[in-house]
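Chains, contacts and geometry: an overview
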Amino acid sequence: MPLLEVNNLRVEFPTRRGVLTAVDDVSFTIDEGEVLGVVGESGAGKSITGAAIIRLIEPPGRIAGGEIRLNGRRIDTLPPEEMRRVRGRQIGAIFQDPLTTLNPLYSIGRQLVETMQTHLGLSDREARARAIRWLEDVGIPGAAQRIDSYPHQFSGGMRQRVVIALALCAEPRLVIADEPTTALDVSIQAQVIALLKRLCREHGTAVMLITHDMGVIAETADRVAVMYAGRIAEIGPVREVVKNARHPYTEGLMGSIPSLTHRVARLRQIDGAMPRLTDIPKGCAFNPRCGRAFDRCRSERPELMATGGPSRAACWLYAEGGHARDAA
Amino acid sequence: MRAMPLDAAPATTRPLVEVEDLARDFDVSKPWLIRLLQGERRRILRAVAGVSFAIPRGTTLSLVGESGCGKTTVARLVVGLYAPTRGTIRIDGIDLASLTSRAQQAPVRRRLQMIFQDPYASLNPRWRVGDIIAEPIRAFGLLKERSDIEARVSELLRQVGLSPKDAEKYPHEFSGGQRQRISIARALSSNPEFLVCDEPTSALDVSVQAQILNLMKDLQERLGLTYLFISHNLAVVRHMSDRIGVMYLGRIVELAPGETLFASPQHPYTRLLLEAIPDLEMTGRQRTPVGGEVPSPIDPPSGCSFHPRCPFANDRCRAEAPRLIRRGETEVACHAVEEGRLAA
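Residues numbered from 1 in each chain as written. Chains lettered and ligands numbered in written order. Predicted model: local features only at pLDDT ≥ 70, side-chain atom pairs only at ≥ 80, totals over all residues.

What chain B contains, in helices and strands, is 12 helices and 12 strands. Computed over its C-alpha atoms, the radius of gyration of chain B comes to 22 Å, within 12% of the 20 Å expected for a compact globule of 344 residues. Structurally, chain B occupies a C-alpha span of about 70 × 55 × 50 Å along its principal axes. In chain B, which comprises 344 residues, the proportion classed as buried is 43%. Sequence separation of at least 24 residues holds for 68% of the intrachain contacts in chain B that already meet a minimum separation of 6. (Helix = DSSP H or I, 4+ residues; strand = E, 2+ residues; numbered from the N terminus. Rg over C-alpha atoms; globule rule 2.2 N^0.38 Å. Buried ≥ 20, exposed ≤ 12 C-beta atoms within 10 Å, placed from the backbone. Contact = placed C-beta atoms within 7 Å.)

Residue and element names in this part refer to chain A. Of the strand pairs in this sheet, strand β1 (residues 4-15) and strand β2 (residues 18-30) are connected by 10 bridges, and their pairing is antiparallel. If you follow T15 over to β2, its bridge partner there is G18. The hairpin turn running from β1 into β2, its antiparallel successor, is 2 residues long. (Pairing = 2+ DSSP bridges.)

This part takes up the sheet that holds strand β10 (residues 251-257) of chain B. All names here are of chain B. Taken in spatial order, the 8 strands make up an open sheet running β6-β7-β8-β3-β9-β10-β12-β11, and their pairing is mixed. If you trace the sheet from one side to the other, it starts and ends with β6 (112-115) and β11 (325-327), each paired once. Between one strand and the next, the sheet's axes are offset by a mean angle of 20 degrees, whatever the strand orientation. Pairing between strand β9 (residues 243-248) and β10: 6 bridges, direction antiparallel. When the bridges of β10 are listed, G245 appears paired with L255. (Axes fitted to C-alpha atoms, helices over the stretch in contact; angles between N-to-C directions.)

With that settled, the discussion passes to the interface of chain A and chain B. Taken together, the contact pairs 36 residues of chain A with 34 residues of chain B. Secondary-structure elements contributing two or more residues to the side of chain A that touches chain B are α8 (186-203), α9 (214-220), α10 (238-243) and α11 (248-255) of chain A. Here the element with the most residues in the side of chain A that touches chain B is α8 of chain A; it accounts for 6 residues. Class assignment for the residues of the side of chain A that touches chain B results in 17 nonpolar, 12 polar and 7 charged. (Nonpolar A, V, L, I, M, F, W, Y, C, P; charged D, E, K, R; others polar.)

What follows is about the nonpolar core. In this structure, A165, M208, L209, V226 and Y228 of chain A together with L228 of chain B are the most contacted members of the largest nonpolar core, which totals 190 residues. Per-element tally for this core: the top contributor is helix α7 (residues 156-168) of chain A, with 8 residues. Contacts of A165 of chain A, omitting those with residues within four sequence positions, involve L112, W134, L135, D137 and V138 of chain A. (Core = buried A, V, L, I, M, F, W, Y, C linked by C-beta atoms within 7 Å.)

A word on the packing of helix α4 (residues 108-120) of chain A against α7 of chain A. All names here are of chain A. With their axes 9 Å apart at the nearest point, α4 and α7 run at an angle of 15 degrees to one another. It follows from the interaxial angle that α4 and α7 lie roughly parallel. Taken as a pair, α4 and α7 cross one another with a handedness that is right-handed. Here α4 contributes I108, Q111, L112 and T115 to the contact with α7, which in turn contributes V162, A165 and L166. (Parallel < 35°, antiparallel > 145°, perpendicular 65-115°, else oblique. Left-handed = near helix turned anticlockwise from the far one by under 90°.)

Working definition: the strands of a sheet are paired by backbone hydrogen bonds and lie parallel or antiparallel to each other. Across the sheet, 4 strands lie side by side as β2-β1-β4-β5 (chain A); this open sheet has antiparallel pairing. Edge positions in the sheet fall to β2 and β5 (73-74) of chain A, since each of these pairs with one other strand and no more.

Okay, structure coming up:
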């Protein structure tokens, strides 16, 4: 049984101009200890998918359909009090901006201690000792001296280390990391990613890593889901998706990333932009930008299907009699 | 002040842009009364501490580095948004500091334009796109007739891949990528030769970034533009540049042709940066994270400012600041490289 199971998730935002569907029929699983990358451009629905799992969607947004199961138990229907116990204890969260995650009025030690006491029922002394161990573990120099410092006394990279300690200190089975390194400089980003990877491996924690940076995913994740306009366009093992993209959107996305190892005269570009949620095209949402679209793409919406490789793609090219089938 | 329109090099081979020993300090002290009461001294932030480079006509020089390294300050100094504390900037041999009156400045200013990072902040939301693009034309008095200006705006919009009809719209009707196209059209409207681009794509999604980078390369080819390109993204920089300067705490630590820099980085900081970037090609590789963070430019380390993070630092590095030294095609500021303590 997978650790996390998301089935047909649908998230809606009612607005004056009608109901917007930000996440539309999304299904995936995450196994124990696995790192699933979720990648996509702004507005693809990746962050909202993550927020839905820990039920942190800002009202009036709401989960309008589907189910979310953790260890087989449905968590999307839990009453708010019980969900509070799942959040933190079983699912940790790391967000992009460490300053908004940390409470500026509490010392970092107090925040760690409070989290561990709430979820693990430790004594004061035990909690404080563990807090120091966690700060050492995430590489804060002089942890015992700095435990009573406040968030503003740390640099951005150090704060994000504290946030990682905070997310992991209650020993959750799953961590949802939403753009954890986007606000950091590259040399610091590398440190933070390496840290997250090491700690999750040591503790057997599964990670849902949400980012727009394909490089971070390629280096960290086991599998990756590529999202486009609220749906998963392609999902599969990282190496496969990077080297052997099946969905035309994934292919375009990979081609549009400048490479460090070889230089091309022009980048492959996908013309146009992702549609706004108010006017998602009929059929496949990508069809107006797709060079290989045919009639079926403009009328019927594709579900994820087998591609003849390890990944699955939501693309009619791979349907019975589809063009890619013949080519492959 | 020296004005030197006629120098040794003939105009054709002379680089369009020459920057020499450029520096800029910012006074970040508390108000003097508080300093007086608390017995504090002035605090000076040295954002740019002596930077020199030249950009030949029709080529791209990129400056790359992490937040706070001074790359944006260099960009703003070059276009004249800040006055330098020290050093000279010459465009086509003309020292910008020698131009004192507006009338003298205008003909030079017309030849250089800037593209900013945030297309949401750099376009006036109350102006129509047509007026935004026409502003430099009007400011420099390049065209007088209304119909001529409209025709030029239409041409510019087409040049950047938008429709002439978009001139009637307001910025909020456009996506980030389209807004950046508008910024480019505005920059091109005074027929500049030199564009300073400060992180022009870092606010954009990758597929849109590719569109804008391709557009900028096309325009460079078609109009013979010279670019100073500022970015923190090494992959983007590699794609765009002929030469690359790596900045650290207000100084250029390595300056080399793009291919050379990536094939054989010299300075330990350049090596660290190249090592640190996650890349698609290296799925699953293990990398050696380098510890430490960029120190504050208010109180930079003595000697080479990189020495606290550098695995090759010795006493000389802690005491004496290295200068850029040419080795083949690369210029590098590092004692370890100079002394051959570092394997190439």
